[in-house]
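Descriptive analysis of the structure
Chain by chain, the residues:
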Amino acid sequence: MGTQVTILADQNPVIPNGTELILGVISFAIVFFFLYIKALPGIKKLLDERTEAIEGGLLKAEAAQAEAERIKQDFTARLAESRHEAAEVRAKAQAEGAALVDKAREEANRQRESIVAAGQAQLAADRTSAVSVLKVDLGRLAVELADKIVGERATDAALQERIIDRFLDELDARLANQVPAAGSQAEQVG
């Protein structure tokens, strides 16, 4: 058993051979030196570029987000201003519409009053004309009736005029008495 232990100690994989250890360290140093001189600056440069690109992208994203926020606030302000202007325009249009309606209503009232006044003037003129025609006709009938009652013809114009005037005065008095009576009857019926 003693010989086996010695053999095992010579071949221990954990403890390397001295020559291999020196060659391994020298090879590692050469490879490390080569990578440190040639590959590491490229890797550092690439990492720096990536870091700058990421940081630049973040800065650009922050700037774009700030710009988007500014544009959003500007849009919101313009939208509020537009809504305010639209409300003012609506209020102004409503006021103008109300003024136009009032103006049209006033014009219609003036035209109505004008038409009523013209109608009343026409009625008064027609009444005056009718009264004058009726007076002439009634005067003639009164003279004819007086001639029949008296039995002779009144040839004197002044006499005929007095007869007509007396007859018309009596007729006016009767009509004046009948109009208030008709008005009180209408009130009683109503």
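Residues numbered from 1 in each chain as written. Predicted model: local features only at pLDDT ≥ 70, side-chain atom pairs only at ≥ 80, totals over all residues. Heavy atoms only, no water.

Below, the discussion takes up the overall build of the protein chain. When helices and strands are tallied, the protein chain shows three helices and zero strands. Reading the protein chain from its N terminus to its C terminus gives the helix and strand order α-α-α. Scored against the burial criterion, the 190 residues of the protein chain give a buried share of 5%. When the accessible area of the protein chain is evaluated, it comes to approximately 16600 Å², of which 62% is carbon and sulfur surface. (Helix = DSSP H or I, 4+ residues; strand = E, 2+ residues; numbered from the N terminus. Buried < 20%, exposed > 50% of the residue type's maximum accessible area, 1.4 Å probe, protein only. Areas by Shrake-Rupley, 256 points an atom, 1.4 Å probe, with all protein chains shown as cover.)

A cluster of like negative charges, contributed by Glu 161, Asp 165, Asp 169, Glu 170 and Asp 172, occupies part of the molecular surface. Of note, Asp 169 is situated in helix α3 (residues 157-189). (Patch = residues over 30% accessible without salt bridge, like charges linked within 9 Å, V, L, I, M, F, W, Y side chains within 5 Å. Salt bridge = Lys/Arg side-chain N within 4 Å of Asp/Glu carboxyl O. Lys, Arg positive; Asp, Glu negative; His and termini not counted. Charge placed at Lys NZ, Arg CZ, Asp CG, Glu CD.)

The next point concerns the confidence of the model for the protein chain. Per-residue confidence for the protein chain averages 82 on the pLDDT scale, and 84% of its residues sit at or above 70. Across the protein chain, helix α2 (residues 18-150) holds the top mean pLDDT of 89, while helix α1 (residues 2-10) sits lowest at 51. (pLDDT = per-residue confidence, 0-100.)

Another aspect to go through is the pattern of salt bridges. Applying the stated criterion to the full structure yields four salt bridges. Asp 102 is the salt-bridge partner of Arg 105, the closest N and O atoms lying 3.7 Å from each other. Taken as a pair, Arg 105 and Asp 102 lie in helix α2 at a separation of three residues, close to a single helical turn. Notably, a salt bridge pairs Arg 110 with Glu 107, separated by 2.7 Å at the nearest N-O pair. Of this pair, Arg 110 and Glu 107 both sit in helix α2, three residues apart, roughly one helical turn.

Turning to the packing of aromatic side chains, a few remarks are in order. What the rule picks out here adds up to two aromatic pairs. Here the aromatic rings of Phe 32 and Tyr 36 are separated by 6.0 Å at their centres, their planes lie at 20°, and the arrangement is stacked. With Phe 32 and Tyr 36 both in helix α2 and four residues apart, this pair spans about one turn of that helix. The partly exposed category is assigned to Phe 32, whose relative accessible area is 49%. The class for Tyr 36 is partly exposed, based on a relative accessible area of 47%. One aromatic cluster is present, built from ring pairs that chain together Phe 28, Phe 32 and Tyr 36. (Phe/Tyr/Trp six-rings, centres within 6.5 Å; stacked < 30°, edge-to-face > 60°.)

What follows concerns a nonpolar patch on the surface. A cluster of nonpolar side chains, contributed by Phe 28, Phe 32, Phe 33, Tyr 36 and Ile 37, occupies part of the molecular surface with about 590 Å² of accessible area. For Phe 33, the position within the fold is in helix α2. By relative accessible area, which is 54% here, Phe 33 ends up exposed.

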